[in-house]
Amino acid sequence: MTTERIHVYFVPGLAAGKEIFKNIALPKNRFEIHILEWLLPIKNEPMAAYAQRMAVGVVEKQAVLVGVSFGGVMVQEMANFLELRALVIVSSVKTKHELPKRLKLVRKTGVYKVLPTGWALSVDDLTRLAIGPKSLKRLKLYQEYLSVRDKGYLDWAIKQMVCWDREAADPQVHHIHGNGDIVFPIKNIDQPILIEGGTHVMILNKGSKVSKLLETIADKT
């Protein structure tokens, strides 16, 4: 008797490419991994329309959909167009209320509208934007995996992250979060599946723990 494989689709963080999932390992006899890469947005494209385009890449019904950081926001929007087995976010937020004060301030002041995002095309600055400014070690770890440098994408993605307007969490979301995340501090996160010592880049440096949790979630649903 053969067991049908569970298809798992991953969406990376802001500006990141598929390489960010290199340390995710799921049993090959039961899981098949797919990685969705960022599309270039159409000018002034609403997030819902973009999410619908991204959702086209999820071919199988009853798949597990996983998003990291801004990718976690995106998969929650994509879920509106899909029939999923499970929806998982890693190092992300479930609502606008889980955003840190600094991003709420950026939204309130409208600073994002005038940010010259051309500056973010440099690797160092783009990494700081993606994971926060405080850890040189983590900056170097993560910057290797930033591959989307298109200014139109960056302008659009920053705006969508800052202005995400979800009020209430989707009850189907499984939220994996580290208590050392400085981008989305744990104090703002409601009822996560906690990884002790996990940072915003734990998809890389705690890949085995994240993988085990993903396997458990998929098996329980």
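Remember, it's a predicted structure, so these values are computed and weren't measured experimentally.

(A) View of the packing of helix H2 (residues 70-78) against helix H6 (residues 151-163). Between H2 and H6, the shortest axis-to-axis distance is 10 Å and the interhelical angle comes to 75°. Considering the angle they form, H2 stands roughly perpendicular to H6. Across from Phe70, Val73 and Met74 in H2, the residues of H6 making contact are Tyr153, Trp156, Ala157, Gln160 and Met161. Split by residue class, the contact of H2 with H6 holds 7 nonpolar, 1 polar and no charged.

(B) Spatial organisation of the pattern of salt bridges. In total, this model carries 8 salt bridges according to the counting rule given. Between Lys94 and Glu98 there is a salt bridge whose closest N-O contact spans 2.8 Å. Glu98 gets classed as buried once you look at its relative accessible area, which sits at 5%. Between Lys96 and Glu167 there is a salt bridge; the shortest N-O distance is 2.9 Å.

(C) Quick look at the sheet that holds strand E4 (residues 84-90). Pairing within the open sheet is parallel, and its 6 strands lie in the order E2-E1-E3-E4-E5-E6. Whereas interior strands pair on both sides, the edge strands pair on one side only; in this sheet they are strand E2 (31-35) and strand E6 (193-195). Taken pair by pair, the neighbouring strands of this sheet meet at an average axis angle of 20°, ignoring direction. Examined bridge by bridge, E4 and strand E5 (residues 173-178) share 4 bridges and lie parallel to one another. Across the sheet, the residue bridging to Val90 is Ile176, located in E5. Sitting on the sheet, H2 is in contact with strand E1 (6-11), strand E3 (63-68), E4 and E5, with an inclination near 145° to E3.

(D) How the structure looks around the side chain of Thr95. Position of Thr95 relative to the elements: it lies in the loop between E4 and helix H3 (101-109). One polar contact links the side chain of Thr95 to the main-chain amide nitrogen of His97, over a distance of 3.1 Å. Beyond its immediate sequence surroundings of up to four residues, Thr95 is in contact with Trp164, Arg166, Glu167, Ala168 and Ala169.

(E) Spatial organisation of the nonpolar core. In terms of nonpolar packing, the biggest core is built from 38 residues, with Leu65, Phe70, Met74, Met78 and Tyr153 touching the most fellow members. When residues of this core are traced back to their parent elements, those giving at least two are E1, helix H1 (47-55), E3, H2, E4 and H6. In terms of residue count, H6 provides more of this core than any other element does, 7 residues in total. Discounting chain neighbours no more than four positions away, the residues touching Phe70 are Gly13, Leu14, Trp38, Met47, Tyr153, Trp156, Ala157, Gln160 and Met161. In terms of nonpolar packing, the next biggest core, distinct from the first, is built from 24 residues, Ala16, Phe21, Val66 and Val88 among them.

(F) Main features of helix H8 (residues 207-220). Compared with an ideal rise of 1.5 Å per residue, which puts 14 residues at 20 Å, H8 spans 20 Å between its outermost C-alpha atoms and is within 8% of the ideal. Among all positions of H8, only Gly207, Val210, Ser211, Leu214, Glu215, Ile217 and Ala218 are buried. The arc that holds every buried residue of H8, seen down its axis, measures 165°, which confines them to one face. Exposed residues pointing more than 90 degrees away from the buried face of H8 are listed as Ser208, Lys212 and Lys220.

(G) Inspection of the side chain of Glu98 at higher detail. Its location among the elements puts Glu98 in the loop between E4 and H3. Ignoring any residue separated from it by four or fewer positions in sequence, one finds Glu98 in contact with Val93, His175, Asn188, Ile189 and Asp190.

(H) How the structure looks around the pairing of E4. Across the 7 residues of E4, 6 count as buried, placing the element largely inside the fold. Bridge analysis of E3 against E4 gives 6 bridges, and the strand direction is parallel. Residue pairing for E4: Gly67 is matched across the bridge by Ile89. Running through H2, the crossover from E3 to the neighbouring parallel element E4 is right-handed.

(I) Representation of the environment of Ser211. You can see Ser211 is positioned in helix H8. Using a relative accessible area of 4% as the deciding quantity, one classes Ser211 as buried. Setting aside residues no more than four positions away along its own chain, Ser211 makes contact with Asn23, Ile24, Ala25 and Leu26. Here Ala25 takes part through its backbone nitrogen, which lies 3.0 Å from a polar atom of the side chain of Ser211.

Calculation rules
The numbers attached to residues start from 1 for each chain and follow its sequence in the written order. Owing to the predicted nature of the model, reporting of local features is limited to residues with pLDDT of at least 70; listing and counting of side-chain atom pairs is limited to 80 or more, with chain, interface and lining totals taken over all residues. Water and hydrogen atoms were dropped before computing side-chain values, which therefore reflect all heavy atoms in the structure. The angle between two axes is taken between their N-to-C directions and runs from 0 to 180 degrees, where each axis is a line fitted to C-alpha atoms and a helix contributes only its stretch in contact. Here a strand is any run of E in DSSP of at least two residues, a helix any run of H or I of at least four, and the numbering for each starts at the N terminus. Should an angle fall under 35 degrees it is called roughly parallel, over 145 degrees roughly antiparallel, and 65 to 115 degrees roughly perpendicular, with every other angle called oblique. The contact criterion used is simple: two residues touch if any of their non-hydrogen atoms lie within 4.5 Å. All amino acids are sorted into three groups, where Ala, Val, Leu, Ile, Met, Phe, Trp, Tyr, Cys and Pro are nonpolar, Asp, Glu, Lys and Arg are charged, and the leftover types, Gly among them, are polar. Any carboxyl oxygen of Asp or Glu within 4 Å of a side-chain nitrogen of Lys or Arg constitutes a salt bridge here. Only protein chains enter the calculation, and the probe is 1.4 Å; a residue is then buried if its accessible area is under 20% of its type maximum, exposed if over 50%, and partly exposed in between. In this scheme, strands are said to pair when DSSP sees at least two bridges between them. In protein, a polar contact means a hydrogen-donor-capable atom and an acceptor-capable atom, both N or O and within 3.5 Å, with residues adjacent in sequence counting only if both atoms are side-chain atoms; elsewhere, any N or O pair within 3.5 Å suffices. Side-chain atoms within 4.5 Å link the members of a nonpolar core, which is a set of buried Ala, Val, Leu, Ile, Met, Phe, Trp, Tyr and Cys residues. Multiply 1.5 Å by the residue count of a helix minus one, and that product is the helix's expected span. This arc is taken over the directions from the axis of the helix to the C-beta atoms. Classification remark: right-handed applies to a crossover when, strands pointing away from the viewer, the course from the first strand over the helix to the second runs clockwise.

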